[in-house]
Amino acid sequence: MATKHGGRAMLAVAVLAVASVLPMAAPLALADPAPSTIFPKANSRTGLPDGWQPQPERYGVGEHKNVEIPMADGAVLRADVRYPTDASGAQAPGPFPIVLTQTAYGKDSAGPLRLLSYEGLGPLLEHALPTVIDVAKQVTDAAGYGDYFVKRGYLSVIVDIRGTGSSDGQWSILQPQEREDAKRVIRWAAGLPGSTGEIGLWGLSYLGMSELLAAGVMEPDSPIKALFPLMPGNHAFQDLLGHDGFFNIAFLSSMLAVPITALPQLDPILGLYREPGKLLSVFVDHLKTHFWADGTWPSLIGALLDGDKLYNGPYWESRAIDNVVEQIAANDIPTYLIGGQYDLLQDGTPRTFAGLQNAYAGRSHNGPMPATAQSSGRYQMLTGPWFHIQPGVQRNADLDLHAIQLAWFDRWLKNDHNGIDETTTPLHAIDMDGNVIESATYPVREAPARNLYLADGGRLSTEHPVTQSGSDRVTFSPMNAGTICNATFSRNFSGVYELLTTLVGVDDPCGQFPAHPDVPGLLDNPQYTTDVFTEPTVLAGPIGATLFATSSTPASAFSVTVQDIAPDGAATALTDGQLAGNYRALDDARTWRTEDGSVLGAFHPGSRDSLLAMVPGQVTEYNVKIRPVFHVFQPGHRLQVTIGSGDAPTHILNPKDYPALLGGVYDIQRIDGAASLLTVPLASATAFAR
């Protein structure tokens, strides 16, 4: 088996056209023991209620194409309505509940994929090219293709939002107008012939973000009865674009050419080729998007010139899911979130889960869930070792997400008391080895955060330093990572590598490589490592790195990675975080702290007026937000943290700041009074035994 997958991995590297050889830590003599048996392993039943099976296909599928939905200002949105049919091909009488998706990527862009997945060539090639067809199905589903549900007694509606697909108007990322449009779309959908008037919203990525934002502006007792957002995050600016002063070029490069620039012009041709007059009108509307002030290209160019959209502010706060979770909970809309540990939104989606649980219980939605909190099965999250565009797939955790979603919608739209909501542990996490870790709260109550201090000799110690001298040096390098084959680039490139390598039947080989290797004579990034774990030990949730450092320049930058070091010295990337020094101010209302005041989940405002000046030579505190991870360290393994500076080509810093950054030398303090530390949720696996 290892030989088979090893050959495929080599082919995958060739597909990516990259080659990376990263040095490993010094080997240990201890052999790697058998994995822990405390946690159940993920399988096709994971996430499903005990004894429940998805109902078989009962219906055929019919379609009404390009149904027009007029908006208040006269713009027309267009939707495809797919409905159950009986044996004769006629529309089945129903009534049926509705699953609805609002997409920014064009409902008709899934058409060619359907011919390579569920229709046309798909069934013919399924045995000859099984992995190719599987990937086509995954991407088609991500685009909102809902026939799985139609065949089991649902109406499926997919709507092109304003300025996309076959719909009129101009598009801007998550613009508030979308919510006003959504109100009309929801009312229209609830009145469809043959429907019960009850609606479940679902979708991946932008589609999931738009459903949460729509649900957050609806009136109580609206037709929306359930949500199933996949990889939605919490705050578009913080999650996608501005990683605390590091700007996500990898994400932008994965989106600009095709989804944002090409698809808006291609989709009208695919969807409206039979109506040339409408096609031309929509094509021109979309073309205008590329030039209006809120369009992507003008916004991007303005941001790179230090415009307001480079910073958090009213523009981005009006697009933040964080600001609508209280209304979703007040409207009592059950929500099942899907997250990914290799998703670029890996920090935001768990924050949304905690926010919903807190708001539903009457607590402030901004803080962490208390360890003693009672949780509700009406709000759940399942996260696993998946990349952005392929949730539930690969990495020892292939799940039947269709079935989980069906069980959720059957519960809330068909009143099927199947048990999916009857859980005391609504947080479900799967690590890269397939271990299923569950808890009632986030942060995870079974793994209370502890402080590990940076110590001499590259150690992580539980003892607070008492010495008056001691530091380690980081020299600023704008590249630092210097490769597009590492975990941080793979994650932030929207999981495109994983999509490509899945075609040859393996996981992204770059996804395991740490971004900041130690290359003697070239990169000398300080590394700090725990003692060897003597029992299975769980790392579960967000991590805070509190660094006290001096800088020789009036600007600074830190990029921190966390990795698992195996007994043979092999390093496996787990997670990372970044912070530019002038972004170090904290939003106290949104920052998560432990009982002793240590910062576990930093939230930096990112606004222009929150930036803080740097004083060269002065010891300064930096709180780096390291994105959450769920991972079981096996006996003989160690946790290691590496501290670097730049993170290109994944991230760049504000172009105007580079003159002040170049030549920077940072001395990270590890002394009494300036004790740099890692605040990390670690616990013995036995703490999770039930």
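Just above sits the structure.
In this report, the structure presented in the accompanying data block is examined. All chains use their own residue numbering, which begins from 1 and follows the written sequence. Two thresholds apply to this predicted model, a pLDDT of at least 70 for residue-level local features and 80 or more for giving and counting side-chain atom pairs, whereas whole-chain, interface and lining totals are computed over all residues. The basis for every side-chain value is the complete set of non-hydrogen atoms in the structure, without hydrogens or water.

This part is about the overall build of the protein chain. The helix and strand inventory of the protein chain stands at 18 helices and 27 strands. Atoms counted for the radius of gyration: C-alpha only. Globule rule: 2.2 Å times the number of residues to the power 0.38. Against the 2.2 N^0.38 benchmark of 26 Å for 690 residues, the protein chain shows a C-alpha radius of gyration of 25 Å, consistent with a compact globule. Its C-alpha atoms give the protein chain principal-axis dimensions of roughly 80 × 55 × 50 Å. Here the analysis covers contacts within the protein chain between residues at least 6 apart in sequence; of these, 80% occur between residues at least 24 apart. The protein chains shown are the only cover counted for residues, whose accessible areas, like all others here, come from Shrake-Rupley with a 1.4 Å probe. Accessible surface for the protein chain amounts to roughly 24700 Å². Of this, 58% is attributable to carbon and sulfur atoms. When charges are tallied, Lys and Arg are placed among the positive residues and Asp and Glu among the negative ones, while His and the ends of the chain are skipped. Here the site of a charge means NZ on Lys, CZ on Arg, CG on Asp, or CD on Glu. The protein chain carries 45 positive and 70 negative side-chain charges, and their two centres are separated by 4 Å. Numbering of helices and strands starts at the N terminus; helices are DSSP runs of H or I of at least 4 residues and strands are runs of E of at least 2. Any two residues having at least one pair of non-hydrogen atoms within 4.5 Å are treated as being in contact.

A separate point is a nonpolar patch on the surface. For patches, a residue must show more than 30% relative accessible area and have no salt bridge; joins then use 9 Å for like charges and 5 Å for nonpolar side chains, namely Val, Leu, Ile, Met, Phe, Trp and Tyr. When a carboxyl oxygen of Asp or Glu is within 4 Å of a side-chain nitrogen of Lys or Arg, the pair counts as a salt bridge. Side chains of Leu116, Leu121 and Leu124 sit close together on the surface and give an oily, nonpolar patch of about 290 Å² of accessible area. With relative accessibility at 31%, the residue Leu116 sits in the partly exposed group. Any residue under 20% of the maximum accessible area for its type is buried, any over 50% is exposed, and the rest in between are partly exposed; the area is computed with a 1.4 Å probe on protein chains only.

With that settled, consider the state of the cysteines. Only a pair of cysteine sulfur atoms within 2.5 Å qualifies as a disulfide here. One pass over the full model with this rule turns up one disulfide. Sulfur-sulfur distance for the disulfide between Cys485 and Cys510 comes to 1.9 Å. Residues Cys485 and Cys510 share a disulfide whose torsion about the S-S bond is about -95°; that sign makes it left-handed. Here the residue Cys485 occupies a position in the loop between β15 (471-475) and α16 (487-492), and Cys510 occupies one in the loop between α17 (496-502) and β16 (527-529), the gap between them amounting to 25 residues.

Turning our eyes to something else, we now look at the nonpolar core. Definition used in this section: a nonpolar core is a set of buried Ala, Val, Leu, Ile, Met, Phe, Trp, Tyr and Cys residues joined via side-chain atoms within 4.5 Å. Grouped together as the largest cluster of nonpolar side chains are 105 residues, with contacts concentrated most on Phe228, Leu382 and Phe409. If you tally residues by element for this core, the top one is helix α15 (residues 401-413), at nine residues. Those residues in contact with Phe228, other than ones at most four positions away along the chain, are Leu201, Trp202, Gly203, Glu211, Tyr336, Ile338, Ile404, Gln405, Trp408 and Phe409. Ranked by size, the runner-up nonpolar core spans 45 residues in total, among them Ala557, Ala580, Met614 and Ile668.

In this section: the pairing of strand β5 (residues 195-204). Consecutive side chains along a regular strand alternate between the two faces of the sheet. Most of β5 sits out of view: eight of its ten residues are buried. As paired elements, β5 and strand β6 (residues 224-230) share six bridges and run parallel to each other. Looking across to β6, one finds that Leu201 is bridged to Leu227. The handedness of a crossover follows from its direction of travel: if, with the strands pointing away from the viewer, the path from the first strand over the helix to the second runs clockwise, the crossover is right-handed. Read from β5 through helix α7 (residues 206-215) to β6, the crossover connection turns out right-handed. Being paired, for any two strands, means DSSP has found at least two bridges between them.

Pairing in this open sheet of ten strands is mixed, and the strands run β1-β2-β4-β3-β5-β6-β9-β10-β11-β12 from one edge to the other. Among the strands making up the open sheet, the edge pair consists of β1 (60-70) and β12 (436-439). Each neighbouring strand pair of the sheet contributes to a mean axis angle of 20°, computed without reference to strand direction. Across nine bridges, β1 lies against strand β2 (residues 76-85) in antiparallel orientation. Its bridge partner being in β2, Glu63 is matched across the sheet by Arg82. Fitted lines through C-alpha atoms give the axes, limited to the stretch in contact for helices. The angle between two N-to-C directions lies from 0 to 180 degrees. Most of the contacts of helix α6 (residues 176-190) go to β5, to which it runs at about 135°, and overall it touches β1, β2, β3 (96-103), β4 (155-160), β5 and β6. Strand contacts of helix α14 (residues 348-360): β9 (335-342), β10 (379-387) and β11 (427-430), with the helix running at about 175° to β10, the strand carrying the most contacts.

Among the structural elements, Ser676 can be located in the loop between β26 (674-675) and β27 (677-684). Judged by relative accessible area, Ser676 falls into the buried class, the value being 0%. Residues Ser676 and Gly355, spaced 321 residues apart in sequence, show a C-alpha to C-alpha distance of 29 Å. Setting aside its immediate chain neighbours within four residues, Ser676 contacts Tyr453, Leu454, Thr546, Leu547, Phe548, Ile668, Gln669 and Arg670. Under the rule applied, a polar contact is a pair of N or O atoms within 3.5 Å (in protein, one hydrogen donor and one hydrogen acceptor; residues adjacent in sequence only if both atoms are side-chain atoms). A polar atom in the side chain of Ser676 sits 2.9 Å from the backbone nitrogen of Phe548.

The subject of this paragraph is the pattern of salt bridges. Considering all chains together, one arrives at 29 salt bridges under this definition. Linking Asp306 and Arg608 is a salt bridge whose minimum nitrogen-to-oxygen distance equals 3.2 Å. Taken together, the residues Asp306 in the loop between α11 (296-304) and α12 (314-317) and Arg608 in the loop between β21 (599-601) and β22 (620-633) connect sequence positions 302 residues apart. Judged by its relative accessible area of 37%, Arg608 is partly exposed. Of the charged contacts, one joins Arg459 and Asp456 as a salt bridge, the two residues approaching to 2.7 Å between their closest N and O atoms. Taking relative accessible area as the criterion, Arg459 reaches 38% and is therefore assigned partly exposed. Overall, the relative accessible area of 45% leaves Asp456 in the partly exposed class.

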